[in-house]
Amino acid sequence: MSSTIVSLPDQSTARIPKTNFITKENGLLSWLLTGDHKRIAVLYLISITFFFFIGGSLAGLIRLELLTPQSDLMATDTYNKVFTMHGVVMIFLFLVPSVPATLGNFLIPIMIGAKDLALPKINLLSWYLYVVGGILVIYTMVSGGVDTGWTFTTPLSTHYVNTNVMSTGLAVFIAGFSSIFTGLNFIVTIHKMRCPGMTWFRLPLFVWAHYAASILMVLGTPVLAIAIVLVALERTVGIGVFDPAKGGDPLLFQHLFWFYSHPAVYIMILPGFGVISETISTFSRKRVFGYTAVAFSSVAIAVFGFFVWAHHMFIMGISNYAVLVFSLLTMLVAVPSAIKIFNWTFTLYKGSITFETPMLYTFGFMGLFTIGGLTGVFLGASGTDIHLTETYFIVAHFHFVMVGGMLMAFLAGIHFWWPKITGRMYPEKISQLAAVVTFIGFNLTFFPQFILGTLGMPRRYAAYPPEFQVLNVFSTAGATILGVGYLLPILYLTWSLKYGAIAGSNPWQATGLEWQIQSPPLTENFIETPIMDHEAYDYEWLDRQKAKEVTSVG
Amino acid sequence: MSDSPAIANGAAVAEHHEHPPYQRHHFESVEQQADTTNFAMWLFLLTEIMFFGGLFTAYLILRNWYYPAFVEASHQLNIFWGTANTAVLISSSFTMAMGVWSAEMRKKGTLVLCLVLTFILGLVFLGIKTIEYKEKIEKHHVPGFHYSLQSFTNPASDPEIYKEYHDQPMALDMARHTELYFFLYFAMTGMHALHMIIGIAILGFMIFRARAGAYTTGHVTFVENFGLYWHFVDIIWIFLFPLLYLISRHQ
Amino acid sequence: MSEQKQNAAHPEAAHGEHEHHITPPGVYIVIFLSLLVFTALTVGASYIEMGIFNPVVALAIGVIKATLVVLFFMGVKYSTKLTKLTVFAGLFTFTAPYCGLPSRTSAAHNSKKQGGPWWR
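Residues numbered from 1 in each chain as written. Chains lettered and ligands numbered in written order. Predicted model: local features only at pLDDT ≥ 70, side-chain atom pairs only at ≥ 80, totals over all residues.

K.L.:
Is there a simple way to explain the packing of helix H4 (residues 98-112) of chain A against helix H14 (residues 392-422) of chain A in this structure?
P.N.:
When two helices pack together, their arrangement is given by the angle between the helix axes and the distance between those axes. Residues and elements named next belong to chain A. Their axes nearest at 11 Å, the elements H4 and H14 cross at an angle of 25°. Regarding the angle of H4 to H14, the classification is roughly parallel. H14 is crossed by H4, and the crossing has left-handed handedness. Residue-level inspection shows Ser-98, Val-99, Leu-103, Phe-106 and Leu-107 of H4 in contact with H14, the latter providing Ala-409, Phe-410, Gly-413, Trp-417 and Ile-421. Split by residue class, the contact of H4 with H14 holds 8 nonpolar, 2 polar and no charged. (Axes fitted to C-alpha atoms, helices over the stretch in contact; angles between N-to-C directions. Helix = DSSP H or I, 4+ residues; strand = E, 2+ residues; numbered from the N terminus. Parallel < 35°, antiparallel > 145°, perpendicular 65-115°, else oblique. Left-handed = near helix turned anticlockwise from the far one by under 90°. Contact = placed C-beta atoms within 7 Å. Nonpolar A, V, L, I, M, F, W, Y, C, P; charged D, E, K, R; others polar.)

Dropping the structure here:
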């Protein structure tokens, strides 16, 4: 039994196919005015990487400040601005679009056997809206920042700060529409553009996950939009909707904001779940255990996710009755996520497991997301939450699920589909090293934060009691290692564009329509419309294909 | 790197099939394109419902809390203009539906007439809105811009309205809440008017294209989908009208 | 007659799972007039003292009018199952939070002012 499933073509004779979506047309305009979902995915990949590094630098600044108990690296006001921008950039400009806009855009049409998404022009519009939102965020940073926290809590954001709430609000509003249009495009495409034979239950679970996330994007994001409009009106005109003096209620903002922002976390994680389903299956050489359960649990997460928003508001003055109801519902929403983890674990059982880089990130995901998710259940219990809210426990919880979970899934996906997108393999050894470095760095950064939270260190504070310093120093040390772990992929993936091994169409010997076409794909994806005649993750079918394959001539 | 046999050998789709010029290349048929864009428009309308919904929520909560203020403030709205606007918008929905029918029946002249009528009715709606807004501005009932409580603390100072409703003078704190009513009035009708303006602009473009015969050769999806948008804007007004104008006219 | 014209122009479309229904103008006229009648009704009702039923009647008439527009002007009565499902999903997502929330919040607010029970 070999220790790797990678099967590359003979490097001495292999070539990147001359005609592919990259070489089809040349010139900047052909990229900036493209309708090709694959090109738009690449445009997104470049832009979100850019914003990831901005958000990451801001994180570095936070950790640097927190090396010492006093607020000595920057003024407390500045610190407030730094963590606010870190949150805004990472959430709206990185996490929300990460997998859907890059991998989802690239793969969904191919996975369902279509030539493109249903609405290519809207897809391009999505990218431009994202870029405009991003530019506005940069403008905000350059012109003095905003210090309300990414949650824009009223009445702080409407009445008491004189920082750039308006431009940040506008940026988030515009980026929100980018997200809405992406989700709309995905839903329409998945419903209407599947090739003959591609029934709903033959779809890869990656597609199901994106479908569920898209429902959330389409129904949830407009509520954020109206919440921002109201903040803007309150701030400029003084309408009074969030002002108790005029009869309004700041809590109304909280309800509207969290009605989106809780589903938003599922928007962020569901596409990651989709990636994990694909990688776990490929690197265990086994169909995903309980396909139907995993598919339906994605939709269940989307539906239940709409009913738990007030668990972000336990201490804000909602009634005890509401606290009770939302706490119970929060327990319920953990169940579908747990179902997925169980199913993925059962997929591994008796599988032929190999440890290429995407699988390393997948294992990292399984462990770290489980910890993050379980701590979420602790927080869902309102009694615990009252003590732990607004402490570093919360910070650790969401970084475990978002960074330990989502970001690892994103990296797993990037590595897994890199050969398909570029036609070249990344260098295996250094990438495995980077995955391990990331894992170690992550744990060192964020695990101490759980302890800090239970000990009582509050979040969003530049200064803290001296007894917390040791754990903070560990955390900053971990952040440095984590930074190295994230920098490495940028370097070797860029290197691989020119020097990587030629991958061929199916280096992972994976199932799925995307692996049956050339790497990089043609602009129209398929030469002829495929007809789907087998189930998803059908490795027997793949073996039969290989048996028929012609590998040499004469 | 051979292509998998699972990929069809040209069975379902002929290599050089004729397709109408308006069919985009990633669609297999005109029917698929029409179905898909129709579904996309419905999804977009769903996002619009969720967007407007936030304002409806704010309205429901604040009206429940400050009912007397909302009643008296709503008396400031002219029921004649409001009813007229409702009738105008319903008529424009009718002409729009007739426009879609004309496109489906390939009657170019009728289509252009219906679109022009819809356009004009839309402008009439905005005109009436302008009259109403002007009145609010003159009476200082715009939140945040020298908002005046006089009409509510001393209703007799507003003879036309006082004649009809005989409102009682309100205590100062309840009178202050009328500003919230007017915020909702301007926010909701303003957002609605913004959607009308966008719709009218697209109508203008459509009239131009309809005269060139673009929609009467079998490709009706643009008109159909725009019709959905226009009816949706009408539905929003169908709810705004009773909620803002008809809170209570019997007191 | 219109069916033949339709089929002649789109031979491939004739076989589809869903025949494209064209509503006759007569139906549109009836709906249009009904909408005007309901508008008059709702204005009239606001002048009559009905206590708690005033907002109920106003909203009920609004819902009837909106239903007429959705079913006939927007064609949902003759649409595919997917369209009907989408409309339903939108209505559900709209009413659940947007009506559930105000009712809970206002009950709590009004109750607190009178020193109400812990669950409000």
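The rest of the description comes next.
K.L.:
Hey, could you run me through the domain arrangement of chain C in this one?
P.N.:
Many authors give the size of an interface as the accessible area that is lost as the parts come together. Residues and elements named next belong to chain C. Taken domain by domain, chain C holds domain 1 (1-79) and domain 2 (80-120). In this complex, domain 1 contributes 4 residues to the contact, which on the side of domain 2 involves 4 residues. Residue composition of the side of domain 1 that touches domain 2, grouped by class: 2 nonpolar, 2 polar and no charged. (Domains from an automatic or database assignment.)

K.L.:
How do you make sense of the interface of chain A and chain B when you look at a structure like this?
P.N.:
On the chain B side, the residues contacting the 47 residues of chain A number 38 residues. The set of elements that each furnish at least two residues to the side of chain A that touches chain B consists of helix H7 (165-192), helix H8 (205-236), helix H9 (250-284) and helix H17 (539-548) of chain A. If you tally residues by element for the side of chain A that touches chain B, the top one is H8(A), at 8 residues. Class assignment of the residues belonging to the side of chain A that touches chain B gives a composition of 28 nonpolar, 11 polar and 8 charged.

K.L.:
Quick question: what am I supposed to make of the confidence of the model for chain C here?
P.N.:
For residues with low pLDDT, the predicted coordinates do not support detailed interpretation. Residues and elements named next belong to chain C. Here chain C averages 78 in pLDDT, while 68% of its residues score no lower than 70. The least confident element of chain C is helix H1 (residues 2-9), whose mean pLDDT is 42; the most confident is helix H2 (residues 25-45), at 95. Ignoring residues within four places in sequence, the model shows residues 1-18, a span with pLDDT below 50, making 10 contacts including any to other chains. Reported confidence for the predicted complex is 0.91 by ipTM and 0.92 by pTM. (pLDDT = per-residue confidence, 0-100.)

K.L.:
In this structure, what is going on with unusual backbone geometry? I would like to understand it.
P.N.:
Trans peptide bonds make up the majority, and among non-glycine residues the majority have a negative phi. Between A:Thr154 and A:Pro155 the backbone carries a cis peptide bond, its omega angle lying at -5°. Secondary-structure assignment places A:Pro155 in the loop between helix H5 (120-142) and helix H6 (156-160). The omega torsion of the bond from A:Ser519 to A:Pro520 falls at -10°, within 30 degrees of zero and hence cis. Residue position: A:Pro520 is located in the loop between helix H16 (469-499) and H17. Phi is positive for B:Arg106, which is not a glycine, with a value near 60°. Relative to the helices and strands, B:Arg106 is located in the loop between helix H3 (79-104) and helix H4 (108-138). Among the residues examined, B:Arg106 registers 18 C-beta atoms within 10 Å and is labelled partly exposed. Positive phi, close to 45°, is recorded for B:His166, a residue that is not glycine. Tracing the backbone through its elements, the reader meets B:His166 in the loop between helix H6 (159-165) and helix H7 (172-176). (Buried ≥ 20, exposed ≤ 12 C-beta atoms within 10 Å, placed from the backbone.)

K.L.:
What is the right way to look at the environment of A:Met217 in this model?
P.N.:
Residues and elements named next belong to chain A. Considering the arrangement of structural elements, one finds Met-217 in helix H8. According to the C-beta neighbour criterion, Met-217 is buried, with 32 such atoms within 10 Å. Residues Met-217 and Ser-178, spaced 39 residues apart in sequence, show a C-alpha to C-alpha distance of 9.8 Å. Setting aside residues up to four positions removed in sequence, Met-217 forms contacts with Ser-179, Ile-180, Thr-182, Gly-183 and Ile-267.

K.L.:
What is the right way to read the nonpolar core from this model?
P.N.:
In globular proteins that are soluble, nonpolar side chains generally tend to be buried together. Membership of the largest hydrophobic core comes to 258 residues, with the highest contact counts inside it found for A:Ala227 and B:Leu184. In this structure B:Leu184 touches B:Leu55, B:Ala58, B:Tyr59 and B:Leu62, once residues within four positions along its chain are discounted. (Core = buried A, V, L, I, M, F, W, Y, C linked by C-beta atoms within 7 Å.)

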